[in-house]
Amino acid sequence: MRTVAVDTLELAPSGPVGDRGFHVREEDGVIALTGRNPRLVQIVPRWDAATGELALVFPDGGRVAAPVVRGAARETAFYDGRPVPGRVVEGPFTAALSDYLGRPVELVAHDDGVTGGDDNPVTLMSDGSLAAVSAALDDAVVDPRRFRMTISIEGARAWEEDGWAGREVTVGAVILRVKVPVGRCVVTMRDPDDGHGDLPILRALAQLRGKRDVAFGVWCDVATPGVVRVGDAVAPR
């Protein structure tokens with residue numbers, strides 16, 4: 001769904017608390033991929049951890065909201081075939097999403113401790129790398145939300161974060177362990193507000209990095225959990 005920015009983020013070993021804690025499940029048991037359902041990015045989610053209430057705002061202005069009540073157990077095959085356990089969220093959500101997509105789907109809450117929707121719990125990108133992609137697209141404005149990264153940093157050179165693989169990076173009081181660059185998919189070529197295809201991001205990455213290396217940003221594990229805030233210093237070590 002729509003990427004929503006926050007000023008403060010709690011990072012647990014399984015990833016950002018409250019981030020990607022839910023997914024939409026197809027009737028055949030696989031995740032409803034954004035690449036095949038681009039209209040999903042038009043839905044704006046709001047999660048209030050303090051009250052346990054989830055709200056979904058649809059593009060026509062309609063809104064459904066209710067406390068999250070976990071129902072029947074489900075296991076969903078994610079994009080890489082990885083089985084992700086969870087429970088159907090009871091209340092108005094499943095019906096509203098099914099009506100919106102025009103077919104039966106379910107909203108599922110991940111079980112506690114499940115890593116969100118990715119290979120590693122955290123992703124990180126730099127404004128330097130984003131500027132390089134923009135330059136390769138004739139200085140087009142490239143919205144960083146296309147990459148759905150957990151943390152964006154300022155002040156690094158283009159692709160500098162790639163060189164941190166195998167190292168630790170402090171972000172405020174949190175320590176991340178950088179793994180490898182993130183391979184990108186067709187979702188990056190869709191407008192992050194309405195889902196239509198508009199920029200050849202993958203072609204730009206192939207021109208910049210090589211035909212077989214369409215990566216952007218890096219995967220990270222959480223070595224030392226804690227809270228990250230906008231403005232925190234970032235330092236590889």
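Cut-offs applied
Going along each chain's sequence as written, the residues are numbered from 1 onward. Local features in a predicted model are, by the rule used here, given only for residues with pLDDT of at least 70; side-chain atom pairs are given and counted only at 80 or more, and totals for whole chains, interfaces and linings are based on all residues. Only heavy atoms go into the side-chain values, all of them from the structure, while hydrogens and water stay out. Only DSSP runs of H or I with at least four residues qualify as helices, and only runs of E with at least two residues qualify as strands; both kinds are numbered from the N terminus onward. Only protein chains enter the accessibility calculation, which uses a 1.4 Å probe; a residue whose area is less than 20% of its type maximum is buried, one above 50% is exposed, and one in between is partly exposed. At least two DSSP bridges between two strands are required for those strands to pair. Axes here refer to lines fitted to C-alpha atoms; in helices the fit is confined to the stretch in contact. Angles between the N-to-C directions go from 0 to 180 degrees. Throughout, a residue-residue contact means that at least one pair of heavy atoms, one from each residue, lies within 4.5 Å. What qualifies as a polar contact is a pair of N or O atoms within 3.5 Å, subject to a donor-acceptor requirement within protein and to the restriction that residues adjacent in sequence count only when both atoms come from side chains. For this analysis, a salt bridge means a side-chain nitrogen from Lys or Arg found within 4 Å of a carboxyl oxygen belonging to Asp or Glu.

**A short note on unusual backbone geometry**
The backbone of Arg 20 shows a phi angle near 50 degrees, a positive value even though the residue is not glycine. Structurally, Arg 20 is set in the loop between strand 2 (15-16) and strand 3 (22-26). Judged by relative accessible area, which is 28%, Arg 20 ranks as partly exposed.

**Regarding the sheet that holds strand 2**
Across the sheet, three strands lie side by side as 2-1-15; this open sheet has antiparallel pairing. For this open sheet the edge positions go to strand 2 and strand 15 (226-229), each flanked by a neighbour on one side alone. Of the pairings in the sheet, the one linking strand 1 (residues 8-12) to strand 2 comprises two bridges and is antiparallel in character. Within strand 2, the residue paired with Ala 12 across the bridge is Gly 15.

**Some words on the sheet that holds strand 3**
Sheet architecture is open: four strands sit in the order 3-9-8-7, paired in antiparallel fashion. A strand with exactly one partner marks an edge of an open sheet, and here the two such strands are strand 3 and strand 7 (70-77). Ignoring which end each strand starts from, the neighbouring axes of this sheet average 45 degrees apart. Direction of pairing for strand 8 (residues 83-89) relative to strand 9 (residues 105-110): antiparallel, over a ladder of three bridges. Each residue of the ladder has a partner; that of Gly 86, found in strand 9, is His 110. Along the sheet face, helix 1 (residues 93-101) touches strand 3, strand 8 and strand 9 and points at about 135 degrees away from the line of strand 9.

**Brief notes about the pairing of strand 14 (residues 215-224)**
When you tally the buried positions in strand 14, you get seven out of ten residues, the bulk of the element. The pairing of strand 10 (residues 122-126) with strand 14 spans three bridges and is classified as antiparallel. Across the sheet, the residue bridging to Val 122 is Cys 220, located in strand 14. Here strand 13 (residues 174-183) runs beside strand 14; their pairing, made up of six bridges, is antiparallel. Its bridge partner being in strand 14, Arg 177 is matched across the sheet by Asp 221.

**Let's talk about the side chain of Asp 162**
Among the structural elements, Asp 162 can be located in the loop between strand 11 (151-153) and strand 12 (168-171). A polar atom in the side chain of Asp 162 sits 2.7 Å from the side chain of Arg 209. Once residues lying within four places of it in the same chain are set aside, the contact partners of Asp 162 are Pro 181, Arg 209, Gly 217 and Val 218.

**So, the side chain of Glu 106**
Summarising the element assignment, Glu 106 is placed in strand 9. For Glu 106, the side chain forms a polar contact with the side chain of Arg 74, separated by 2.9 Å.

**Focus: the pattern of salt bridges**
Within the structure shown, the criterion is met by 14 salt bridges. The closest approach of N and O atoms between Glu 106 and Arg 74, which form a salt bridge, is 2.9 Å. A residue pair is termed long-range when its members are at least 10 positions apart, and Glu 106 in strand 9 and Arg 74 in strand 7 qualify at 32 residues. Owing to a relative accessible area of 18%, Glu 106 belongs among the buried residues under this scheme. A salt bridge links Arg 177 to Glu 168, with the shortest nitrogen-to-oxygen separation between them at 3.4 Å. For Glu 168, a relative accessible area of 23% gives the class partly exposed. Look at the salt bridges and you will find they share partners, linking Arg 2, Asp 143, Arg 145 and Asp 193 into a network.

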